[in-house]
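Survey of secondary and tertiary structure
As a plain string of letters, each chain reads:
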Amino acid sequence: MARRPHRFTEDDFETLEGRASKTEQKKAVQRMAALGEQLAELNLKQIQSLPVEERLIDALLDVQNITSHEARRRQFQRIGKLLRYEDESVILSYLTPQQGAKKTAQLQRWVERIVKDGDIVINEFVKTYNAAERHTLRQHALRIHRDMSKQVSDVELEESKLKLFNYVQQVALISDN
């Protein structure tokens, strides 16, 4: 393999920014599989009323008939992959009634504290919610700070905050079990 003739420049890192590492991708799939397990616990009527692809609804209904542990694990992996193509906010909106309004407000305060205070609050959050990844939380917080320093539009800033809130909500749902 030939050596790179010059040092890395800032442009090289700009093209990589926003891309998740393999580890982050694997952990995202695991989170989605865990969310799939929570979706599978919904009753038949709730599953059928989900505004998602028919394949996902069929997979959620199929998992209820599977008794083998390994087959269920594989089915939840499949559900996790199908969930990648769905809108996280919609899926979480169906699962958050289980949490309640008080829990949602608490999670919103966590997000505000993470953005404001950074690592200290991130460490507290990770201790409180065992499914949380410190690195992922830091990346979300850094993106929000970068967006604020670049003075991007309010829409883009709110989108970054929504991504952090969705992550925090997923972690809270998974950790509560």
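Here's what I pulled together on the structure shown here.

Analysis parameters
- Residues numbered from 1 in each chain as written.
- Predicted model: local features only at pLDDT ≥ 70, side-chain atom pairs only at ≥ 80, totals over all residues.
- Heavy atoms only, no water.
- Helix = DSSP H or I, 4+ residues; strand = E, 2+ residues; numbered from the N terminus.
- Buried < 20%, exposed > 50% of the residue type's maximum accessible area, 1.4 Å probe, protein only.
- Polar contact = N/O pair within 3.5 Å; in protein donor to acceptor, adjacent residues only side chain to side chain.
- Expected span 1.5 Å × (residues − 1).
- Arc of directions from axis to C-beta.
- Contact = heavy atoms within 4.5 Å.
- Phe/Tyr/Trp six-rings, centres within 6.5 Å; stacked < 30°, edge-to-face > 60°.
- Lys NZ or Arg CZ within 6 Å of the ring centre and 35° of its normal.
- Salt bridge = Lys/Arg side-chain N within 4 Å of Asp/Glu carboxyl O.

A closer look at the side chain of Lys103
- If you trace the backbone, Lys103 turns up in helix α7 (residues 101-117).
- Under the relative-accessibility criterion, Lys103 is labelled buried at 18%.
- Looking at Lys103, its side chain comes within polar contact range of the side chain of Tyr129, at 3.0 Å.

A short note on helix α9 (residues 134-150)
- Its 17 residues give α9 an end-to-end C-alpha distance of 24 Å, which sits within 8% of 24 Å, the value for a rise of 1.5 Å per residue.
- Listing the buried residues of α9 in full gives Thr136, Leu137, His140, Ala141, Ile144 and Asp147. Down the axis of α9, the smallest arc covering the buried residues is 135°, so these residues share one side. Exposed side chains of α9 directed beyond 90 degrees from the buried face belong to Ser149 and Lys150.
- Buried residues along α9 sit against α2 (22-40), α7, α8 (119-128) and α10 (154-175).
- Phi turns positive one or two residues past the end of α9, at Gln151, with a value near 55°.

Quick word on the packing of aromatic side chains
- What the rule picks out here adds up to 2 aromatic pairs.
- Note on Phe125 and Tyr129: the rings are 4.7 Å apart at their centroids and 40° apart in plane angle, and the pair reads as tilted.
- Just above the ring of Trp110 sits the side chain of Arg113; from NZ or CZ to the centre is 5.0 Å.

Things to note about the pattern of salt bridges
- In the structure shown here, the tally under the stated rule is 6 salt bridges.
- Between Glu124 and Arg113 there is a salt bridge, with the nearest N and O atoms lying 3.1 Å from each other. In this pair, Glu124 is assigned in helix α8 and Arg113 in helix α7, connecting sequence segments 11 residues apart.
- With a relative accessible area of 34%, Glu124 lands in the partly exposed category.
- The partner of Arg138 in a salt bridge is Asp119, and the shortest N-O contact between them spans 2.6 Å. Taken together, the positions of Arg138 in helix α9 and Asp119 in helix α8 put the pair 19 residues apart, joining distant regions of the chain.
- Look at Arg138 and you get partly exposed, because its relative accessible area is 34%.
- Through salt bridges with shared partners, one network takes in Glu70, Arg73 and Arg74.

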